[in-house]
Amino acid sequence: TTTYPGTEWVAWAERAVYDLENLMPGMPAPAFSARTDDGQSVSLESLRGQVVVLEFYAPQNTAFARQLDERKALYESAQGRPFRLLSISLEPDTLLNEGFLEGRDFPGLRVIAPGGAQGELARRYNVNVVPTRYLIDPEGKLAGKYVARRCRRCNATCWRC
C-alpha cells in the first residue's frame, strides 16, 4: 500500500485482508436484516438452523442469468430440508428488478440491497463481482464462497456489462 498508493492494487489488498479477517470458512457470517420484495422481514438470525445460500446478483449480469437453471435445480433438490436461498440484487432500480423477474421461475427469498453495490450489505460481504454466493451453515457460520470470474467483455471485475 505504501509502494502503490491510490491504485487498484491497494483496493484489492484491502479487500483481501477484509476477507481474511471476516469472511473465512468457520467464521460467523456477517449479521444483516432486510425486507424482501414482498415486504417480509428477513435476517440472518431468522434463518438460523437452516443451510443458507446467500447470493448477490445484478439483473443485468448475463452470467447470473445463464445460471438460473442450475440455481432452480439446487432449490428443488433441497425441498423438504432445512434450506433457504436468499437472493440479493445489487441493482437499486425496482423496475429493472421486476423486469428481470417477469416470466422467470425464481424461487427463494428476494431482497434489493439498500444502497446497491455500495451499500452496507454488499460491503459486509465484500461483494465486488456478481454473482457472489456464500454458503452459510445452520449455526450461522460461513462454509464456502463462490465468486464469478472476471468479465469477459471488459476484462474487469464489473457487474454492469
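Residues numbered from 1 in each chain as written. Predicted model: local features only at pLDDT ≥ 70, side-chain atom pairs only at ≥ 80, totals over all residues. Heavy atoms only, no water.

**Notes on helix α4 (residues 94-101)**
Taken as a whole, α4 has its buried residues at Asn97, Phe100 and Leu101. The buried residues of α4 occupy one face: seen down the axis, they fall within an arc of 95°. Against the buried residues of α4 lie β3 (51-57), α2 (62-66), α3 (68-77), β4 (83-89) and β5 (109-112). Structurally, the start of α4 carries an N-cap: the backbone nitrogen of leucine 95 is 2.8 Å from a side-chain oxygen of aspartate 93. The positive-phi residue at the C-terminal boundary of α4 is glycine 103, with phi of around 75°. (Buried < 20%, exposed > 50% of the residue type's maximum accessible area, 1.4 Å probe, protein only. Helix = DSSP H or I, 4+ residues; strand = E, 2+ residues; numbered from the N terminus. Arc of directions from axis to C-beta. Contact = heavy atoms within 4.5 Å. Polar contact = N/O pair within 3.5 Å; in protein donor to acceptor, adjacent residues only side chain to side chain.)

**Overview of unusual backbone geometry**
Residue valine 130 is joined to proline 131 through a cis peptide bond whose omega torsion reads -5°. Locating proline 131 in the fold gives a position in the loop between α5 (120-124) and β6 (132-136).

**As for the packing of aromatic side chains**
Considering all chains together, one arrives at ten aromatic pairs under this definition. Each ring, one from tryptophan 9 and one from tryptophan 12, has its centre 6.4 Å from the other, and the planes form 70°; the classification is edge-to-face. With tryptophan 9 and tryptophan 12 both in helix α1 (residues 8-22), this residue pair falls three residues apart, about one helical turn. Both residues of the pair, tryptophan 9 and tryptophan 12, belong to the exposed class. Here the aromatic rings of phenylalanine 64 and phenylalanine 100 are separated by 6.2 Å at their centres, their planes lie at 40°, and the arrangement is tilted. Of the two residues, phenylalanine 64 is situated in helix α2 and phenylalanine 100 in helix α4; the sequence distance between them amounts to 36 residues. A network of ring pairs unites the aromatic residues Phe32, Phe56, Tyr125 and Tyr134 as a single cluster. Taking NZ or CZ as reference, arginine 71 lies 3.9 Å from the ring centre of phenylalanine 106, over its face. (Phe/Tyr/Trp six-rings, centres within 6.5 Å; stacked < 30°, edge-to-face > 60°. Lys NZ or Arg CZ within 6 Å of the ring centre and 35° of its normal.)

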